[in-house]
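Each chain is listed here by its residues.
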Amino acid sequence: MKLNWAERWVVNNPSRVFQQKAELHLLKKMMDFNAESTVMEVGCGRGAGAELILSRFQPRHLHAVDLDVEMIQKAGARLSSSATQTVSLYVGDITCIPFKSETQDVVFGFGVLHHIPNWRAAIFEIARVLKKDGIYYLEELYPPLYQNFITKRILLHPEKDRFFSLDLKSALTDAQLLLKRAVECKKLGILGVAVKS
Ligand SMILES: C[S@@+](CC[C@H](N)C(=O)[O-])C[C@H]1O[C@@H](n2cnc3c(N)ncnc32)[C@H](O)[C@@H]1O
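We now turn to the structure provided with this report.

## Side note on the overall build of the protein
- When you go through the protein residue by residue, the secondary structure sums to nine helices and seven strands.
- The C-alpha radius of gyration of the protein comes to 15 Å, within 12% of the 16 Å expected for a compact globule of 197 residues.
- C-alpha extents for the protein along the principal axes are approximately 45 × 35 × 30 Å.
- Across the 197 residues that make up the protein, the buried fraction comes to 38%.
- Across the protein, every contact between residues at least 6 apart in sequence was considered, and the portion connecting residues at least 24 apart equals 67%.

Take a look at the structure:
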């Protein structure tokens, strides 16, 4: 689901870059990967995360996918000319990722699953494109944060079949993605690393 004006403001905001920078620092401490890895970001938005992934992990190449063509255009405009040599941008739906199975070593997803009505299908797609022992770095939010009395009036998210901590963890396990490290606030969200078994 595309973002409404309010959430665009939230994610296309400099404070979001500081938050993601801190999160990537923590994620790298949880698990690292080598620069030769094939790397993808799902729900890349305006490309701020892709920029930070490049500077923090220095992958040789990064495929970045988003459903919203406007976000991909923003990402194209934001990335420096050297970054555009390293990042390929795609418009696509991650419930049907336009990549062959077992082609990626690493997938990053920041705040994207909770925007997807069929979020379980997205998890299966992420697992499908990952190679064995591939790494899935995720940041996700739970309904008390984005569907509370105030946020449900301002933000736009799918309303049915929302996931909390246990739902997310059991869907990851069903897709053979084993959560190895995480920091979590059970009412708010999770930042973690899962590995494909
Ligand atoms: C909350 S924003 C997060 C953007 C960016 N990852 C960040 O952390 O700032 C969620 C993003 O996921 C994208 N999105 C939502 N549903 C999607 C889907 N089915 N496939 C790909 N991208 C999707 C939206 O267009 C939006 O850019």
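Now, onward.
## Quick look at the packing of helix α2 (residues 14-30) against helix α3 (residues 48-57)
- Taken N-terminus to C-terminus, the directions of α2 and α3 make an angle of 40°; their axes are 10 Å apart at the nearest point. Taken together, the axes of α2 and α3 are oblique relative to one another. Every pair of crossing elements has a handedness; the one defined by α2 and α3 is right-handed. Judged by residue contacts, Arg16, Val17, Gln20, Lys21, Leu24 and Lys28 of α2 engage Ala48, Gly49, Leu52, Ile53, Arg56 and Phe57 from α3.

## Focus: the site of the ligand
- Taken together, 25 residues are adjacent to the ligand, and Gly43, Gly45, Leu67, Asp68 and Phe110 come closest.
- Those elements that provide at least two residues to the shell around the ligand are α1 (5-11), α3 and β2 (61-66).
- A breakdown of the residues in the shell around the ligand according to their chemical character gives 13 nonpolar, six polar and six charged.

## Side note on α2
- In a regular helix each residue adds 1.5 Å, so 17 residues correspond to 24 Å; α2 covers 25 Å between its end C-alpha atoms and thus fits that length.
- Burial in α2 covers these residues: Gln20, Leu24 and Leu27. Summarising the axial view, the buried residues of α2 lie within an arc of 65°, below the 170-degree limit, and thus occupy one face. α2 presents Pro14, Ser15, Phe18, Ala22, His25 and Lys29 as exposed residues on the side facing more than 90 degrees away from its buried surface.
- Packing partners of the buried residues in α2 comprise α3, β4 (104-110), β5 (130-141) and β7 (189-196).

## Thoughts on the environment of Met71
- Relative to the elements of secondary structure, Met71 occurs in helix α4 (residues 69-78).
- Under the C-beta neighbour-count criterion, Met71 is labelled buried, with 23 such atoms within 10 Å.
- Note: C-alpha distance between Met71 and Ala122 (51 residues apart in sequence) is 19 Å.

## Considerations on the environment of Ala122
- Its location among the elements puts Ala122 in helix α6 (residues 119-129).
- Residues Ala122 and Asp93 lie 29 residues apart in sequence; the distance between their C-alpha atoms is 8.7 Å.
- For Ala122, the residues in contact, after removing those within four places along its chain, are Ile94, Thr95, Leu113 and Ile116.

## Considerations on the sheet that holds strand β3 (residues 87-91)
- Here seven strands make up an open sheet; going across it, the order is β3-β2-β1-β4-β5-β7-β6 and the pairing mixed. In this open sheet, the two strands that pair with only one neighbour each are β3 and β6 (177-185). Across the sheet, the mean angle separating the axes of adjacent strands is 15° when strand polarity is ignored.
- Judged from the five bridges that link them, β2 and β3 form a sheet pairing that is parallel. Paired with Asp66 across the strands is Val91, a residue of β3.
- Relative to β7, α2 is tilted by about 40°, and along the sheet it contacts β4, β5, β6 and β7.

What counts and what doesn't
Residues numbered from 1 in each chain as written. Predicted model: local features only at pLDDT ≥ 70, side-chain atom pairs only at ≥ 80, totals over all residues. Helix = DSSP H or I, 4+ residues; strand = E, 2+ residues; numbered from the N terminus. Rg over C-alpha atoms; globule rule 2.2 N^0.38 Å. Buried ≥ 20, exposed ≤ 12 C-beta atoms within 10 Å, placed from the backbone. Contact = placed C-beta atoms within 7 Å. Axes fitted to C-alpha atoms, helices over the stretch in contact; angles between N-to-C directions. Parallel < 35°, antiparallel > 145°, perpendicular 65-115°, else oblique. Left-handed = near helix turned anticlockwise from the far one by under 90°. Near = placed C-beta within 6 Å. Nonpolar A, V, L, I, M, F, W, Y, C, P; charged D, E, K, R; others polar. Expected span 1.5 Å × (residues − 1). Arc of directions from axis to C-beta. Pairing = 2+ DSSP bridges.

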